[in-house]
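Read off the chains here:
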Amino acid sequence: MSFVANRENFADLPLFLELAEDLGVDSVAVTPKFLLFSREDLERFYVSARTIEAKLSSALKNKNYSFSIRTTGLEPYPENDCFAGAVNAAFISASGLVSPCCNLGHPVPRYNPRWQKPKYFFLTFGNVCQRPLDEIWNLPFYRDFRQKLSQGRVPLECRGCHLLPAKKGFLG
């Protein structure tokens, strides 16, 4: 189960963990809401990683859960690794468009808590309704894109992304 924390729901994190326990899930992911489409979204939804970590820590203080908890986006990522998993995974939109990650797969400007201004990048490599995913995945320009990321070279479309590690000047 995944819990995308924002100002409107992060107080319910302990209840979410209880629900996950009751349902017998194997794993829970807790992550901040990263897709912010306007200044209003930023002001209405954004909760810092520290605030979420504090709530999670408090919820775990007196309770041992039977599932693992991943805190994607709350801790620093390993060097040369994209938080979005764009090197090893793909985002496929409802219409079949294949993008390296959810941030690049949404054709709208996004606000980032670090910039507080919109950035617009939309990148797709094909459509699974027209071509098999493995064929799209192995296209030379898609392989090159993933290789750049895995080597710590950030493609233009990813520069400034809040899902890249703040190492080697990625977030400059």
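Now for a look at the structure at hand. (Residues numbered from 1 in each chain as written. Predicted model: local features only at pLDDT ≥ 70, side-chain atom pairs only at ≥ 80, totals over all residues. Heavy atoms only, no water.)

Some words on the nonpolar core
If you look at soluble globular proteins, the nonpolar side chains tend to sit buried side by side.
1) Next: Counting 15 residues, the largest nonpolar core has Phe3, Leu13, Phe16, Leu17, Val28, Val30 and Phe67 as the members making the most contacts within it.
2) Next: In terms of residue count, the dominant contributor to this core is helix α1 (residues 13–23) (four residues).
3) Next: Apart from the residues lying within four places of it in its own chain, the contact partners of Leu13 are Phe3, Val30, Ile52, Lys55 and Leu56.
4) Next: Counting residues in each nonpolar core, the second largest holds 14 residues, with Val87, Val98, Leu123 and Leu139 among its members. (Core = buried A, V, L, I, M, F, W, Y, C linked by side-chain atoms within 4.5 Å. Buried < 20%, exposed > 50% of the residue type's maximum accessible area, 1.4 Å probe, protein only. Helix = DSSP H or I, 4+ residues; strand = E, 2+ residues; numbered from the N terminus. Contact = heavy atoms within 4.5 Å.)

Thoughts on the sheet that holds strand β1 (residues 2–5)
1) Next: Strand order in the open sheet formed by three strands is β1-β2-β3, and the pairing between neighbours is parallel. Strand pairing shows two members of the sheet lacking a second neighbour, β1 and β3 (68–70), which therefore form its edges. The sheet shows a mean angle of 20° between the axes of neighbouring strands, taken without regard to direction.
2) Next: Summarising the sheet, β1 and strand β2 (residues 27–32) pair through four bridges and their orientation is parallel. Directly across from Ala5, in β2, lies its bridge partner Pro32. (Pairing = 2+ DSSP bridges. Axes fitted to C-alpha atoms, helices over the stretch in contact; angles between N-to-C directions.)

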